[in-house]
Amino acid sequence: FKRLADIDVFDLELDTRDPERFVDTVKALEPTFGAISLKDIRAPEGLEIFDRLRAELTIPVLHENLYATAIVAMAALINALDLAEKQIEEIRVVISGAGTVGLGCARLLCALGLPKSLLTLYDVDGLIHPGRRDLSSYQREFARDDAPTNLAEGLRDADVFLGASVGGVLTQAMIRSMASFPIVFAMATPEPEIGYAEARAARRDVIVGTSSIRDHNAIVDLLSFPYVLRGALDVQAGSITEGMMLAAARALADLAREEVIDEVSRAYGYETFTFGPEYLLPKPIDPRILVQQSTAVAARAVDEGVAKRSLATDAYRERLK
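Residues numbered from 1 in each chain as written. Predicted model: local features only at pLDDT ≥ 70, side-chain atom pairs only at ≥ 80, totals over all residues. Heavy atoms only, no water.

Q: Explain the sheet that holds strand β7 (residues 183-186) to me, using residue names and the numbers behind them.
A: Pairing within the open sheet is mixed, and its six strands lie in the order β5-β4-β3-β6-β7-β8. With one partner strand each, in any of the chains shown, β5 (126-127) and β8 (207-210) form the two edges of the open sheet. Pairing of β7 with β8, which is carried by four bridges, proceeds in the parallel orientation. Residue pairing in the sheet places Val 184 in a bridge with Val 208 of β8. (Pairing = 2+ DSSP bridges. Helix = DSSP H or I, 4+ residues; strand = E, 2+ residues; numbered from the N terminus.)

See below:
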């Protein structure tokens, strides 16, 4: 937060397993802070806490695990779909992992324009379907009873795979069964569902991103959350909306299409980066991310009426620079 977006942060740990006590404690702290970022609280309690705090606080609340990676994945997906000449309203998406990260991706996919009927979620027990008794209300929102029960079958002819589960669950054969110009984002940590090189070797037309910072198209949460909160804080937003998060994603996607500055190229041994299948996202050290993403978030907050402070966009950009 401090290095990337100049936000002062306090890392607070609460010694409780009671969601009610957790919520009450954070609410009591509200006068001290400009925003709250939740992290590493197990589901579904963490999602319940997030919903409560977002409804009851007058400052923005961000659930890092739920949305930070999802925002970056949406940015990469916007660019990958453009390269593949596919429309969000027409693609079929499979998500492996129905925990916090997977649900965040599902929510933002639908906000981006994907019909729920074209989205299928799987977890360690198979398809997320209405007949299961082990689902939370958050998972049940995306349950389907008209899809194959296992991941391998569900991936046949799918356009997009989003991994938010565990390493090694995706094979080259599964990728080969997908539609033409498939998009594979293996985002499990610390080991992605399939390695970058292995996925690329599966077929020539696949577009790949992973959670590894060493790979091309590294889908890492630090590309989003500091800048989303910077923009929200600077206009004193009362909340962080899905519209603000998608504005962040689009700003990140747009930046990847711009010419890479010398500062970034020099840091990577003067490697040349050009928008394409191996460069869907800007590098994390690109200083323009702060300017463009935070400005987009702040402007969207004003447009949506959740900001308490108005925005002079050009002056704000210069201040961020």
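On we go from here.
Q: Before we move on, can you summarise the pattern of salt bridges with the specific residues and values?
A: Counted according to the given criterion, the structure contains 23 salt bridges. Here Arg 42 makes a salt bridge to Glu 45, at a shortest N to O gap of 3.4 Å. Owing to a relative accessible area of 22%, Glu 45 belongs among the partly exposed residues under this scheme. Notably, a salt bridge pairs Arg 52 with Glu 56, separated by 2.6 Å at the nearest N-O pair. On the criterion of helical spacing, the pair formed by Arg 52 and Glu 56 is a turn pair, its members being four residues apart in helix α3 (residues 45-56). (Salt bridge = Lys/Arg side-chain N within 4 Å of Asp/Glu carboxyl O. Buried < 20%, exposed > 50% of the residue type's maximum accessible area, 1.4 Å probe, protein only.)

Q: Please give an account of the packing of helix α11 (residues 242-256) against helix α13 (residues 288-303) that cites residues and values.
A: The interhelical angle for the contact between α11 and α13, taken along N-to-C directions, is 150°, at an axis separation of 8 Å. As the angle between them shows, α11 and α13 are arranged roughly antiparallel. You can see that α11 and α13 cross each other, and the crossing is right-handed. Residue-level inspection shows Gly 243, Met 244, Ala 247, Ala 248, Ala 251, Leu 252 and Leu 255 of α11 in contact with α13, the latter providing Arg 288, Ile 289, Gln 292, Gln 293, Ala 296, Val 297, Arg 300 and Ala 301. Per-class residue counts for the contact of α11 with α13 are ten nonpolar, three polar and two charged. (Axes fitted to C-alpha atoms, helices over the stretch in contact; angles between N-to-C directions. Parallel < 35°, antiparallel > 145°, perpendicular 65-115°, else oblique. Left-handed = near helix turned anticlockwise from the far one by under 90°. Contact = heavy atoms within 4.5 Å. Nonpolar A, V, L, I, M, F, W, Y, C, P; charged D, E, K, R; others polar.)

Q: Quick one: what's the story with α13, residue by residue and with numbers?
A: With 16 residues, α13 extends 22 Å from end C-alpha to end C-alpha; this agrees with the ideal 22 Å at 1.5 Å per step. Within the span of α13, buried status applies to Arg 288, Ile 289, Leu 290, Val 291, Gln 292, Gln 293, Ser 294, Thr 295, Val 297, Ala 298 and Ala 301. Structurally, α13 contributes buried residues whose contacts are with α1 (2-5), α10 (225-234), α11 and α14 (313-320). Downstream of α13 by one or two residues, Gly 305 has phi in the positive range, about 80°. (Expected span 1.5 Å × (residues − 1).)

Q: Mind laying out the packing of aromatic side chains, listing which residues take part and the relevant values?
A: Summed over the entire model, instances satisfying the criterion amount to five aromatic pairs. Here Phe 10 and Phe 33 contribute two aromatic rings whose centre-to-centre distance is 6.2 Å and whose plane-to-plane angle is 70°, an arrangement assigned as edge-to-face. Of this pair, Phe 10 sits in the loop between α1 and α2 (19-29) while Phe 33 sits in the loop between α2 and β1 (36-38), placing them 23 residues apart in sequence. With centroids separated by 5.5 Å and ring planes inclined at 90°, the aromatic side chains of Tyr 268 and Phe 273 adopt a geometry described as edge-to-face. An aromatic cluster is built from Tyr 268, Phe 273 and Tyr 279, whose rings are joined through pairwise contacts. If you follow Lys 116 out to its NZ or CZ, it ends over the ring of Phe 142, 5.2 Å from the centre. (Phe/Tyr/Trp six-rings, centres within 6.5 Å; stacked < 30°, edge-to-face > 60°. Lys NZ or Arg CZ within 6 Å of the ring centre and 35° of its normal.)

Q: Kindly report on the pairing of β7, identifying the contributing residues and their values.
A: Here β7 shows a buried face lined by Ile 183 and Phe 185 and a second buried face lined by Val 184 and Ala 186. Relative to β7, strand β6 (residues 160-163) runs parallel, the two being bridged by four bridges. By the bridge assignment, Gly 163 is partnered in β7 with Ala 186. In terms of handedness, the path from β7 via helix α9 (residues 196-202) over to β8 forms a crossover that is right-handed. (Right-handed = clockwise from strand over helix to strand, strands pointing away.)

Q: Account for unusual backbone geometry, with residues named and values stated.
A: A cis amide bond, omega 0°, links Ala 43 with the succeeding residue Pro 44. Here Pro 44 is to be found in the loop between β1 and α3. In this model, Thr 189 is joined to Pro 190 through a cis peptide bond whose omega is 0°. Within the secondary structure, Pro 190 is located in the loop between β7 and α9. One non-glycine residue, Asp 157, adopts positive backbone phi at about 65°. Inspection of the secondary structure assignment puts Asp 157 in the loop between α7 (151-154) and β6. Positioned with a positive phi, Asn 217 is a non-glycine residue whose angle comes to about 55°.

Q: Go over the side chain of Asp 234, please, and point to the residues and values.
A: Looking at where Asp 234 falls in the secondary structure, it is placed in helix α10. Among the residues examined, Asp 234 registers a relative accessible area of 9% and is labelled buried. One polar contact links Asp 234 to Arg 230, side chain to side chain, over a distance of 2.7 Å. Once residues within four sequence positions are removed from consideration, Asp 234 is found in contact with Arg 309, Tyr 316, Arg 319 and Leu 320. (Polar contact = N/O pair within 3.5 Å; in protein donor to acceptor, adjacent residues only side chain to side chain.)

Q: Break down the nonpolar core for me, with residues and values.
A: The biggest cluster of nonpolar side chains holds 87 residues, and the ones touching the most others in it are Leu 109, Leu 162 and Phe 185. Leaving out residues up to four positions away in the same chain, Leu 109 has contacts with Met 74, Leu 77, Ile 88, Val 93, Ile 95, Leu 114, Leu 119 and Leu 162. Judged by nonpolar contacts, the second largest core, of 20 residues, contains Val 94, Tyr 122, Leu 170 and Ala 186. (Core = buried A, V, L, I, M, F, W, Y, C linked by side-chain atoms within 4.5 Å.)

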